[in-house]
Amino acid sequence: MKITEIEAIALVWPPPEKQYWTALRPIGRVSELIVRVHTDTGLVGIGEAHGAGMPFPGIYKQDGAGNIQPEGASRVVAEVLKPALLGEDPLDNERLWDKMFALNHYPGWAAPGWGRPQIMTGMAAIDIALWDIKGKAANMPVYKLLGGTRNTVPCYVTGGYYQDGKTLADLVQECETYADMGYDAIKLKIGHVGVEEDLERVRSVREALGPDFDLMLDVNEGYDVPTAIRVARLMEPLNIRWLEEPVHWYDRVEGLGQVAASTSIPIASGENAAHRWDARDLIHRGGIKIMQFDCTRSGGITECLKIAGMCATQNVRLAPHHDPQVHGHLVAGLPVGEIVETFPEADRDPVWNELFTIRPEIKNSQLTLLDRPGWGFELDEQTLERRGVWA
Ligand SMILES: [Mg+2]
């Protein structure tokens, strides 16, 4: 089999109607890079990379006239990675990963104008497309290829964002709505307000939902180390399943390790890890118990399998960030898989609600994967036409 064409499509949604604040910043426009790898057999692999939230690479830019243009990872795929992969066998994912990764040694030369994050994000989308081809060629869902441990995985909802005028009662009602939808695990944002106010927020949700509901807390790198330790200890009596990215970006390994050593709450991190070496440091020096490596942001499935192997030796569980339609296969396929993240609110995450004509089902806090080859989902061509810009 040979790769004959690679499409890169930057999908960009309008800004959300409401502002959704995490600790230090609001969620911006949601964007997603879609890659379609075509082959001489007619098989087409679909890959995707998560566009929002990256510190600087992105997948699009808005020009002075307000038009959306492909940028960053979208153009790296079209102009750098595609020429490197045309004619290659798409089933050789390890060799092709190494070939693409080598471009990171001197990105200013290999991909002028862009840096390693853009290359790693472009690689993520392509690698995910190669796994789709592998599944389609084998006529198997990807989770079966990865290990086939199960076809249903637990999932949680991320919510509790800060919004203007949102009261404590509104927060509790939001969480009760998730419970009514069948969820039994919620991750709340903290760190945008003072410690006492956050403690009151989390305590109110815990009291409303009862002792058996799983509650996780996500700081999005909002604290210094002393504050993180203080908050962790205050939250301990509230039975918190994990505390996520509690420490500022500049001390996200050693400082995180100090927090992990100071609290009984398991520490989670990894959505900002670029590769296996970042992941190794988070495990060995950051003291994490929950690894959240995001295959759709950096490196793809091929890289995450190496990270999953490390997790398995260190009693660290895999709970990937975002994009459950892909990460669900990893969590389902591997015994180290713990849970996936979901965003049922259409305004917060239009990807889940608009991008697919066929997608896995979420019911009672469980995501059931499709018994179809590859990832199993189908993209909505109308959404691609409406929101997409081809690089
Ligand atoms: Mg997070």
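Everything that follows concerns the structure shown earlier in this document.
Summary of the structure given here.

A look at the sheet that holds strand β3 (residues 44-50)
Inference 1: Pairing is antiparallel across the open sheet formed by four strands, whose spatial order is β3-β2-β1-β18. At either end of the open sheet lies a strand with only one pairing partner, and these are β3 and β18 (388-390). Taking each pair of neighbouring strands and ignoring which way they run, the sheet shows an average axis angle of 25 degrees.
Inference 2: Note: strand β1 (residues 3-12) against strand β2 (residues 31-39), nine bridges, orientation antiparallel. When the bridges of β2 are listed, E7 appears paired with R36.
Inference 3: Contacts from helix α1 (residues 73-85) reach β1, β2 and β3, with the element oriented near 175 degrees to β1.
Inference 4: Along the sheet face, helix α4 (residues 116-138) touches β2 and β3 and points at about 145 degrees away from the line of β3.

Side note on the packing of helix α2 (residues 93-101) against α4
When two helices pack together, you describe them by how their axes are tilted relative to each other and by the distance separating the axes.
Inference 1: Across the interface, α2 lies against α4 with an axial gap of 11 Å and an inter-helix angle of 170 degrees. With respect to their mutual orientation, α2 and α4 come out roughly antiparallel. Contacts from N93, L96, W97, M100 and F101 in α2 reach M123, D127, L130, W131 and K134 in α4.
Inference 2: Within the contact of α2 with α4, the residues separate by chemical class into seven nonpolar, one polar and two charged.

Cut-offs and rules
- Position numbers for residues count from 1 along each chain, tracking the sequence in the order it is written.
- Residue-level local features of this predicted model are given only where pLDDT is at least 70; pairs of side-chain atoms are given and counted only at 80 or more, and the full residue set underlies all totals for whole chains, interfaces and linings.
- A pair of strands is labelled paired if DSSP reports no fewer than 2 bridges between them.
- Each helix is a run of DSSP H or I of at least 4 residues and each strand a run of E of at least 2, with the numbering of both proceeding from the N terminus.
- Note on geometry: axes are C-alpha line fits, over the in-contact stretch for helices, and angles between N-to-C directions span 0 to 180 degrees.
- Note on contacts: residues are paired as contacts if their backbone-placed C-beta atoms lie within 7 Å.
- Working rule for angles: under 35 degrees goes down as roughly parallel, over 145 as roughly antiparallel, 65 to 115 as roughly perpendicular, anything else as oblique.
- Here the nonpolar group is Ala, Val, Leu, Ile, Met, Phe, Trp, Tyr, Cys and Pro; Asp, Glu, Lys and Arg are the charged ones; every other residue, Gly included, is treated as polar.

Everything listed here is a matter of geometry and, on its own, says nothing about what the molecule does.
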